[in-house]
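Below are the chains, spelled out letter by letter.
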Amino acid sequence: MPRTRTARRAVAAIGAAALAGAMLTACSSSVKTSADATGSPTSTGIKKGLLVYFIPKDTQNPYEVLADKGGEKALTELGGKVVVSSGTQDTAAAQIPSIQAAIQAHANAIVIAGNDPSALCPTLNQAASAGIAIVSFDSDISCGTSPNHLFINQANTAQVGTSEVDLLAKEIGGKGQVAILSAAASATNQNAWIGYMKQELTKYPNMQLVSTVYGNDDPATSLTVLQGLLSAYPNLRGIISPTTVGISTAAQYLDTHKSLLAHLTLTGLGLPSQMRTYVEDGTVAEFELWNPSNLGYLAGYAAASLASGSASLQTGSTFSGGTLGTYTVLAPSTGTGPSVVLGPPTVFDKSNVNNFNF
């Protein structure tokens with residue numbers, strides 16, 4: 001996704017360095033690595049031969065697949081290796097065996113999209129105690145300082161939540177019943193965005209949030225809860241689905257039930273490759289997202305930097321994001337530890353959806 005070097009990039013970079021510093025402090029005065037990274041450091045100070053486990057929410061979500069491929073690209077550039085491992089369900093229980101596998105493999109770093117903010121923490125703490133650097137991306141974990149970790153935030157959390165509401169309000173004139181079709185009820189990123197959506201809805205007194213339903217990032221489940229939503233609220237004016245699986249499922253259903261479009265508007269977070277047809281035929285007017293490949297790519301560079309000791313979790317610590325530029329660790333804030341922000345989301349519509357291939 002095209003990006004410019006704006007002040008937002010600078011702030012994100014400052015956050016990245018701080019987070020990296022904090023993470024190192026949690027493990028020791030210098031970053032330890034479990035596996036023996038071989039070879040001399042690269043020009044970025046990153047050791048060659050690093051082993052990084054990418055643990056997505058599940059292995060079947062197209063968004064997660066793109067993010068993991070971005071991580072693989074990063075480690076290939078750095079002379080390392082990525083192992084992608086997770087379950088097929090969006091649960092913490094499905095991810096724990098992959099964390100344990102990373103420990104057994106003496107991985108240098110783990111990059112994880114948490115399915116639960118706290119249930120993964122005991123196992124991740126075991127990994128950190130074994131000297132494995134921990135990076136979360138897409139959906140953060142809330143483990144306090146045990147283990148401390150760096151969060152690669154895909155976009156400013158508040159901006160994602162508020163912009164989704166503003167897009168929908170513009171399309172429906174700021175009036176009517178609206179609902180949210182989310183992913184898993186325990187997903188940290190979804191709940192954070194929904195929290196800001198609810199705050200933003202107070203600016204639109206004539207818009208009423210009547211329900212939030214959860215499709216668990218599964219097409220069949222998303223379709224079932226969508227149909228239940230439409231049955232329960234026949235006068236529903238708008239749906240926000242901040243999940244690529246949810247919005248594509250809803251768009252496919254509305255595309256075959258076009259009479260609903262006379263009173264119902266859909267927006268959310270989607271992949272241009274999945275949503276292009278629905279934008280072109282008028283089923284969906286606008287939606288948002290960032291480039292998931294870039295998210296995984298940045299997470300890969302962050303994990304490698306932490307595992308090599310070339311970055312830390314201290315506020316202001318910097319590291320190379322490869323072709324994305326230099327990032328700085330942001331100071332911890334309420335509910336979030338050290339972090340960096342990839343960049344602002346892009347709004348897709350008929351004018352630009354064909355310009356993006358992810």
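Residues numbered from 1 in each chain as written. Predicted model: local features only at pLDDT ≥ 70, side-chain atom pairs only at ≥ 80, totals over all residues. Heavy atoms only, no water.

A. Spatial organisation of the packing of helix α7 (residues 219-232) against helix α8 (residues 244-255). In contact at an axis separation of 9 Å, α7 and α8 are set at 60° when each is read in the N-to-C sense. Taken together, α7 and α8 sit at an angle that is classed as oblique. With respect to the hand of their crossing, α7 and α8 are arranged in right-handed fashion. For the pair α7 and α8, contact is made by Pro219, Ser222, Leu223, Leu226, Gln227 and Leu230 and by Val245, Gly246, Thr249, Ala250 and Tyr253, respectively. Taken together, the residues of the contact of α7 with α8 sort by class into seven nonpolar, four polar and no charged. (Axes fitted to C-alpha atoms, helices over the stretch in contact; angles between N-to-C directions. Helix = DSSP H or I, 4+ residues; strand = E, 2+ residues; numbered from the N terminus. Parallel < 35°, antiparallel > 145°, perpendicular 65-115°, else oblique. Left-handed = near helix turned anticlockwise from the far one by under 90°. Contact = heavy atoms within 4.5 Å. Nonpolar A, V, L, I, M, F, W, Y, C, P; charged D, E, K, R; others polar.)

B. Highlighting the state of the cysteines. Per the stated rule, a full pass over the model turns up one disulfide. For Cys121, the disulfide goes to Cys143, at an S-S distance of 1.9 Å. Classification of the bridge connecting Cys121 and Cys143 rests on its S-S torsion, roughly -85°, and on that basis the disulfide is left-handed. Of this pair, Cys121 sits in helix α4 (residues 121-129) while Cys143 sits in the loop between β4 (133-137) and β5 (150-153); the two residues are 22 residues apart in sequence, bridging distant segments of the chain. Grouping residues by exposure puts Cys121 and Cys143 together as buried. (Disulfide = S-S within 2.5 Å. Buried < 20%, exposed > 50% of the residue type's maximum accessible area, 1.4 Å probe, protein only.)

C. Representation of the sheet that holds strand β9 (residues 265-268) within the structure. Spatially, β7-β6-β8-β9 is the arrangement adopted by the four strands of the open sheet, whose pairing is parallel. One side of each edge strand has no neighbouring strand; the edge strands of this open sheet are β7 (207-214) and β9. Each strand of the sheet is rotated relative to its neighbour by a mean of 20°, with strand direction disregarded. With three bridges joining them, strand β6 (residues 176-182) and strand β8 (residues 238-241) adopt parallel strand pairing. Opposite Ile180, over in β8, you have Ile240 as the bridge partner. Each of β6, β7, β8 and β9 touches helix α5 (residues 157-172); the most contacted strand, β9, lies at about 160° to it. Against the sheet, α7 touches β6, β7 and β8, its axis set at about 145° to β7. (Pairing = 2+ DSSP bridges.)

D. Representation of the side chain of Gln95 within the structure. With respect to the helices and strands, the residue Gln95 is situated in helix α3 (residues 92-104). The buried category is assigned to Gln95, whose relative accessible area is 0%. One polar contact links the side chain of Gln95 to the main-chain carbonyl oxygen of Pro56, over a distance of 2.9 Å. Non-local contacts of Gln95, meaning those with residues more than four positions away in its chain, are made with Ile55, Pro56, Lys57, Ser86, Ile112, Ala113, Gly114, Asn115 and Leu120. (Polar contact = N/O pair within 3.5 Å; in protein donor to acceptor, adjacent residues only side chain to side chain.)

E. View of the packing of α5 against helix α6 (residues 188-201). For the pair α5 and α6, interaxial distance at closest approach is 7 Å and the crossing angle is 50°. It follows from the interaxial angle that α5 and α6 lie oblique. Crossing geometry of α5 relative to α6 is assigned as right-handed. Packed against α5, whose contacting residues are Thr157, Ala158, Val160, Gly161, Thr162, Glu164, Val165 and Asp166, the element α6 presents Ala192, Trp193, Tyr196, Met197, Glu200 and Leu201 at the interface. Taken together, the residues of the contact of α5 with α6 sort by class into eight nonpolar, three polar and three charged.

F. Up close: the packing of aromatic side chains. Tallied over the full model, the rule gives eight aromatic pairs. Relative to Phe358, the ring of Phe348 has its centre 6.3 Å away and its plane inclined at 75°; by these criteria the two rings are edge-to-face. You can see Phe348 sitting in strand β14 (residues 346-348) and its partner Phe358 sitting in the segment after β14, a full 10 residues away along the chain. For the pair Phe348 and Phe358, one class covers both residues: buried. Taken together, the ring pairs connect Phe287, Phe348, Phe356 and Phe358 into an aromatic cluster. (Phe/Tyr/Trp six-rings, centres within 6.5 Å; stacked < 30°, edge-to-face > 60°.)

G. Quick look at the pairing of β8. Neither face of β8 is exposed, since Gly238 and Ile240 on one face and Ile239 and Ser241 on the opposite face are all buried. Note that β8 and β9 share four bridges and pair parallel. Bridge pairing in β9 places Ser241 opposite Gly268. What joins β8 to β9 is α8, and the crossover it makes is right-handed. (Right-handed = clockwise from strand over helix to strand, strands pointing away.)

H. Fine view of the confidence of the model for the protein. Looking at the protein, pLDDT values average 89 and 87% of them are 70 or higher. Here residues 1-40 is modelled with pLDDT under 50, and outside its nearest four sequence neighbours on either side it reaches 159 contacts, counting other chains as well. (pLDDT = per-residue confidence, 0-100.)

I. Seen up close, the pairing of strand β2 (residues 81-84). Alignment of strand β1 (residues 51-55) against β2, held across four bridges, turns out to be parallel. Each residue of the ladder has a partner; that of Leu51, found in β2, is Lys81. Following the backbone out of β1, through helix α2 (residues 62-77) and into the adjacent parallel β2, one traces a crossover that is right-handed.

J. Representation of the nonpolar core. Among the nonpolar cores identified, the biggest contains 80 residues, and Phe137, Leu150, Ile152, Ile239 and Trp290 are the most heavily contacted of them. In terms of residue count, helix α10 (residues 292-308) provides more of this core than any other element does, 10 residues in total. Structurally, this core is a two-domain feature, drawing no fewer than three residues from each of domain 1 (51-154 + 292-342) and domain 2 (157-289). (Core = buried A, V, L, I, M, F, W, Y, C linked by side-chain atoms within 4.5 Å. Domains from an automatic or database assignment.)

K. Region of interest: α10. Its 17 residues give α10 an end-to-end C-alpha distance of 24 Å, which sits within 8% of 24 Å, the value for a rise of 1.5 Å per residue. Near the N-terminus of α10, the side chain that reaches the backbone nitrogen of Ser293, with its oxygen 2.9 Å away, is that of Asn291. Note on α10: the residue one or two positions beyond its end, Gly309, has a positive phi of about 80°. (Expected span 1.5 Å × (residues − 1).)

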